[in-house]
Amino acid sequence: MKIVEYADQEMLAIDLANVLAGELTATLEHEDRALFVVPGGSTPGPVFDDLCDADLDWARVDVMLSDERWVPEVHVRSNTRLIRERLLTGRAAKARYLPLYAKAEAPEEVLPELEANITPDLPISVLLLGMGADMHTASMFPGADGLEEALARNAPVLVAMRGGGAPEPRVTLSARVLNEAMSKHLIITGQQKRAALERARGLPHPEAPIAAVMSDLIVHWAE
Ligand SMILES: O=C1O[C@H](COP(=O)(O)O)[C@@H](O)[C@H](O)[C@H]1O
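You'll find the chain entered in an unreviewed UniProt entry as 6-phosphogluconolactonase, with Roseovarius aestuarii given as the organism. What the UniProt record of the chain gives under Function (unreviewed entry) is the line "Hydrolysis of 6-phosphogluconolactone to 6-phosphogluconate."

Written as structure tokens, this is what we have:
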């Protein structure tokens with residue numbers, strides 16, 4: 001794991017957007033398409049604001065979330081809503097979006113079809129993750145009922161999650177699929193998350209799921 005520190009959150013957003021745009025461009029130089037996986041939550045919005053107008057061939061980019069909250073797209077907690085409003089706009093509106101939500105009471109009802117839709121595009125070309133102060137990443141929460149499956153060496157692509165402090169059911173990419181990404185980045189801000197990240201280094205993965213994806217991870221941090 002390598003940690004890059006920025007002077008402030010604005011510089012972090014600008015520089016990280018440049019790094020991600022550069023990696024997507026480099027991927028498209030030798031691949032037909034690039035799979036770009038991004039987090040939801042409250043932290044990545046400013047990066048998306050800068051990235052959405054990057055001059056690259058967005059029509060050949062597939063965008064997908066690392067995890068989704070099981071709420072309709074119009075819901076204020078929908079990660080898809082954030083992506084549509086802040087990333088899939090401007091030049092990036094040409095990208096193809098691969099949803100992790102479909103209209104159903106429970107994620108298990110549609111998990112096979114969601115998985116079938118994304119599997120042909122794997123592995124991930126460029127991965128950006130977020131992290132909570134409880135050391136969850138994607139929707140792999142300490143104490144969640146699907147965590148063991150999501151952390152398993154032979155995990156499926158997608159796992160349904162409940163509990164562990166998450167207020168609604170979730171769907172998450174497994175640690176196996178995240179770790180197969182060609183490049184892995186993590187965005188965190190503030191002292192609390194920085195301290196949590198340091199603490200996670202010495203903890204077992206079920207207690208600190210972020211530790212399961214730390215190998216070759218580039219962390220982008222600002223106060
Ligand atoms: O619930 C989630 O939390 C994490 C971290 O979110 P933040 O609000 O603390 O930035 C996020 O990475 C994940 O995609 C999201 O579903």
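> Could you clarify how one ought to interpret the site of the ligand in this entry?
In the neighbourhood of the ligand, 14 residues make up the surrounding shell, with Pro39, Gly41, Ser42, Thr43 and Gly130 lying closest. Residue classes in the shell around the ligand are distributed as three nonpolar, nine polar and two charged.

> Please explain the environment of Arg199 as it appears in this structure.
Within the element layout of this structure, Arg199 appears in helix H7 (residues 191–200). Residue classification places Arg199 among the partly exposed residues on the basis of 14 C-beta atoms within 10 Å. With 64 residues separating them along the chain, Arg199 and Met135 place their C-alpha atoms 8.9 Å apart.

> Looking at this structure, I do not really get the sheet that holds strand E4 (residues 67–69). What am I missing?
Paired through backbone hydrogen bonds, the strands of a sheet run either parallel or antiparallel to each other. Strands sit in the order E4-E8-E7 across an open sheet of three strands; the sheet is antiparallel. Every other strand in the sheet has two partners, leaving E4 and strand E7 (158–161) as the edge strands with one partner each. Sheet twist, expressed as the average angle between the axes of neighbouring strands with direction ignored, equals 20°.

Rules and cut-offs
Residues numbered from 1 in each chain as written. Predicted model: local features only at pLDDT ≥ 70, side-chain atom pairs only at ≥ 80, totals over all residues. UniProt positions renumbered as here; feature names shortened; annotations may be inferred. Near = placed C-beta within 6 Å. Nonpolar A, V, L, I, M, F, W, Y, C, P; charged D, E, K, R; others polar. Helix = DSSP H or I, 4+ residues; strand = E, 2+ residues; numbered from the N terminus. Buried ≥ 20, exposed ≤ 12 C-beta atoms within 10 Å, placed from the backbone. Pairing = 2+ DSSP bridges. Axes fitted to C-alpha atoms, helices over the stretch in contact; angles between N-to-C directions.

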